[in-house]
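# Residue-level structure breakdown
Here is how the chains run, residue by residue.
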Amino acid sequence: MIKQVAGMAVTLALSAAPAFAQTIYPIDRADILVGAKFDFKVELPELVDQAKLKVTLNGADYAAVFGQGGTFTAHEAGREQSALLLRDVSLVKPGQVAVEVSDGTQSRTVSWTVYDTGARKARNVILFIGDGMSPSHRVAARILSKGIAEGKSRGKLAIDDMPHMALVATAGSDSIITDSANAASAYATGHKAAVNALGVYADRTPDPLDDPRVETIASLAKRRAGLEVGIVTNTEVEDATPAAMVAHTRRRAAYDAIVAQYFDAKPDVLMGGGSANFLSQSASGSKRKDDVDYLARFRDAGYPVATTAGELATLAAKPDTRQLLGLFAAGNMDGALDRKFLKGGGVRKFPEQPDLTEQVQAALTVLSKHEAGFFLMIESGLIDKYAHLLDMERAVYDTIMLDNAVRLAKDWAKARNDDTLILVVADHNHPNSLVGTINDDMAATPNVPLRERVGVYEKAGFPNYPAPDAEGYPSRVDVSRRLAIFSASLPDHYETFRPKLDDPNEPTVKADQPDTFKANDKYKDVPGVVLRFGNLPAMIGASVHSGEDVILTATGPGSERVHGSMDNTEVFRVMVEALGLGAGK
């Protein structure tokens, strides 16, 4: 009862806190790269006389600093609130900037740090993102792919065998917990953002496409250094992490608009799933809401299109392939465990999907044909999808796949005298923990509930997965002593303590009440199953993200900036400094 009353007091105190006199974008303590474009916006809490509005940067009138006057809206979105907006402005001198806004009665000041970069250090930058990759995923991938004996691993993961490491904080502008959109957006822009937002500050207007924009690293790389850009994922290419590299919307689900922005941005290599939103709505399997055929548009713009692993290898090898679009599934692609071993998920419908390593090899082949260098983002995105579904085996196999892709890139860079900065990081965490092993030897110990077979401390021992193949994958996950990885965020579900060998896990299904979920009865009769009552609201049918720091490892020119404790916006700064993007062409 005491805790409940205390919580109510905190809630009341927060709700009673005064709102800012004005909202200013970019927000307080923003770090801004010299020459990077952004939209400057002031939102006033009520109607304001434009003649009384004063906006200065370090005491100078904003119009003189930015070289243009803004658009003043007396009644923004039809409300009794005014706003000032400037599009595509930039700052040309590094230093501290105090932005002061006064409407004659109220004023507010925010500070920005404008920074430059030195000369270019790296020819290329490759950013690997293990979406939702927690430390437990990394440890499990090491155990399965390298083996362990007498407490020592028999080898290192490529993602760990790097000279520089840091812990990265992930909170967004509106919450301590991020989603993939604002987490990846921080990497891509160097600015904090709100949940679901990509490349924008989420303002108060209802239109999800008119929010104040900040320039992405993909745009900067092309505009300021003439670099090529590649975006590779095994999710839908419209999904939050890949889209964050180019898109500007506060609604990450705006897939049609994101495809249109991809076409406008024209990354040189774009690969993943998500073909359904490239097809005209009249085409079979389309999810678009209009008649625009973006496959045809990309082809007309000179992009060959690959839909299978074989087509991808053939097109990438052609000397004249200098741009490439690869779409290998209507939705998300399938993970390594299903593609290589179980043949579950969407493999039956799309049996010739490439592995992430094949996608990376093709991207490197195409992008390295250009002289200027490149920025390449590579995502192993299904780690997150499987973690949400409490499908730990699939998540771990896709972590191994990510590690194979990183090893390939490191070998490629080494052969080029290490001219490439390689970063490996998660966008956010999942509250997963490796707590021991599960002893499922029913013949040796019959009639013991599976819950009692969870071994901790000395009873955990070591798992007995078969020796990994050349790619680091054991041929089976349904062994008698398996890793026990559990999540701290749970919906109501039936815990089977066993891997799902048919299709990816579905812990919940829609309940009778609107927007609520219940445990999936599909699993209730599995021997040893336990009905676990969740700790999440009923409207959430899957595990959720958590707020712990994520691990960043790095190698190559510019990687020495990776150390200690960092913020996710600093990852952007590491990349733009390595590429010298503050110095321009």
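Residues numbered from 1 in each chain as written. Predicted model: local features only at pLDDT ≥ 70, side-chain atom pairs only at ≥ 80, totals over all residues. Heavy atoms only, no water.

## A few points about the overall build of the protein chain
Using the following cut-off: Only DSSP runs of H or I covering at least 4 residues are called helices, and only runs of E covering at least 2 are called strands; the numbering of each starts at the N terminus. For the radius of gyration, the atoms used are the C-alpha atoms, and the globule rule reads 2.2 Å times the number of residues raised to 0.38. The rule is simple: take the accessible area with a 1.4 Å probe, protein chains only, and divide by the maximum for that residue type; under 20% is buried, over 50% is exposed, in between is partly exposed. Contact criterion: two residues are considered in contact whenever any of their non-hydrogen atoms come within 4.5 Å of each other. For the charge count, each Lys or Arg is scored as positive and each Asp or Glu as negative, with His and the chain ends excluded. Just so you know, the charge point we use is NZ for Lys, CZ for Arg, CG for Asp and CD for Glu.
Along the backbone of the protein chain there are 14 helices and 28 strands. For a compact globule of 585 residues, the expected C-alpha radius of gyration is about 25 Å, and the protein chain comes in at 25 Å, within 12% of that figure. Its C-alpha atoms put the protein chain at 85 × 70 × 50 Å along the principal axes. For the protein chain, buried positions account for 55% of its 585 residues. In the protein chain, 71% of the contacts between residues at least 6 apart in sequence involve partners at least 24 apart. Separation between the mean location of the 64 positive side-chain charges and that of the 75 negative ones in the protein chain comes to 3 Å.

## Concerning unusual backbone geometry
Backbone torsion omega between Tyr25 and Pro26 reads 0°, so that peptide bond is classified as cis. In this fold, Pro26 is placed in the loop between strand S1 (23-25) and strand S2 (30-33). Of note, the phi angle at Asp418 is positive, near 50°, even though the residue is not glycine. Relative to the helices and strands, Asp418 resides in the loop between helix H13 (392-414) and strand S19 (420-425). Residue Asp418 is classed as partly exposed on the basis of its relative accessible area, which comes to 44%.

## Points about the sheet that holds strand S3 (residues 38-43)
The condition that has to hold: Strand pairing is assigned whenever DSSP detects at least two bridges linking the two strands. Axis geometry follows a simple rule: fit a line to the C-alpha atoms, using only the stretch in contact for helices, then measure angles between N-to-C directions, giving values from 0 to 180 degrees.
Judged by pairing direction, the sheet is antiparallel, and its 4 strands sit side by side in the order S1-S3-S7-S6 without closing on themselves. Each edge of the open sheet is held by one strand with a lone partner, namely S1 and strand S6 (71-73). Direction aside, neighbouring strands of the sheet carry axes that sit 15° apart on average. Both S1 and S3 contribute to a ladder of 3 bridges, which runs antiparallel.

## Some words on the packing of helix H9 (residues 309-317) against helix H11 (residues 356-367)
Note the cut-off: Note on terminology: angles under 35 degrees are roughly parallel, angles over 145 are roughly antiparallel, angles of 65 to 115 are roughly perpendicular, and the others are oblique. Here is the rule for handedness: rotate from the far helix to the near one, and if that takes an anticlockwise turn smaller than a right angle the crossing is left-handed, while a clockwise turn gives right-handed.
Running from N to C, H9 and H11 cross one another at 20°; their axes reach a closest spacing of 9 Å. Taken together, the axis directions place H9 and H11 in an arrangement best described as roughly parallel. The handedness of the crossing between H9 and H11 comes out as left-handed. Across the interface between the two elements, Ala309, Leu312 and Ala316 from H9 touch Glu358, Gln359, Ala362, Thr365 and Val366 from H11.

## Digging into the sheet that holds strand S4 (residues 54-57)
Judged by pairing direction, the sheet is mixed, and its 5 strands sit side by side in the order S2-S9-S8-S4-S5 without closing on themselves. Both edges of this open sheet fall to S2 and strand S5 (60-61), since each of them pairs with a single strand only.

## With respect to the pattern of salt bridges
Our working definition: By salt bridge we mean one thing: a side-chain nitrogen of Lys or Arg within 4 Å of a carboxyl oxygen of Asp or Glu.
By the definition in use, this model includes 32 salt bridges. Close ionic contact of Asp478 with Arg476 constitutes a salt bridge, the shortest N to O distance being 3.1 Å. Arg476 sits in the partly exposed class, given a relative accessible area of 43%. In this structure, the salt-bridge partner of Lys522 is Asp502, at a minimum N-O distance of 3.4 Å. Placement of the pair is Lys522 in the loop between strand S25 (517-519) and strand S26 (530-532) and Asp502 in the loop between strand S23 (493-495) and strand S24 (508-510), with a sequence separation of 20 residues. On the basis of relative accessibility, which here comes to 41%, the residue Lys522 falls in the partly exposed class. By relative accessible area, Asp502 is classed as partly exposed at 40%. Three or more residues joined by partner-sharing salt bridges are found here, namely Lys41, Glu43, Glu76, Asp203, Arg204, Asp211 and Arg250.

## Describing helix H14 (residues 568-579)
With 10 of 12 residues buried, H14 lies mostly within the body of the structure. Looking only at H14, the buried set comprises Asn568, Thr569, Val571, Phe572, Val574, Met575, Val576, Glu577, Ala578 and Leu579. Looking one or two places after H14, you find Gly580, whose phi comes out positive at around 65°.

## Quick notes on the confidence of the model for the protein chain
As a reminder of what qualifies: What pLDDT conveys is the predictor's confidence in a given residue, as a value from 0 to 100.
For the protein chain, per-residue confidence averages 95 on the pLDDT scale, and residues scoring 70 or more make up 96% of the total. Between residues 1-18, whose pLDDT stays under 50, and residues either more than four places distant or in other chains, the model counts 0 contacts.

## Regarding the nonpolar core
How we decide: The definition of a nonpolar core used throughout is a set of buried Ala, Val, Leu, Ile, Met, Phe, Trp, Tyr and Cys residues joined through side-chain atoms within 4.5 Å.
Counting residues in each nonpolar core, the largest one holds 124 residues, and the members touching the most others are Phe128, Phe278, Phe375 and Leu423. The residues touching Phe128, leaving out its near neighbours within four places in the chain, are Ile378, Leu402, Ala405, Val406, Ala409, Ile422, Leu423, Val424 and Val425. Core analysis: the second largest hydrophobic core is formed by 28 residues, Tyr25, Tyr62, Phe66 and Phe72 among them.

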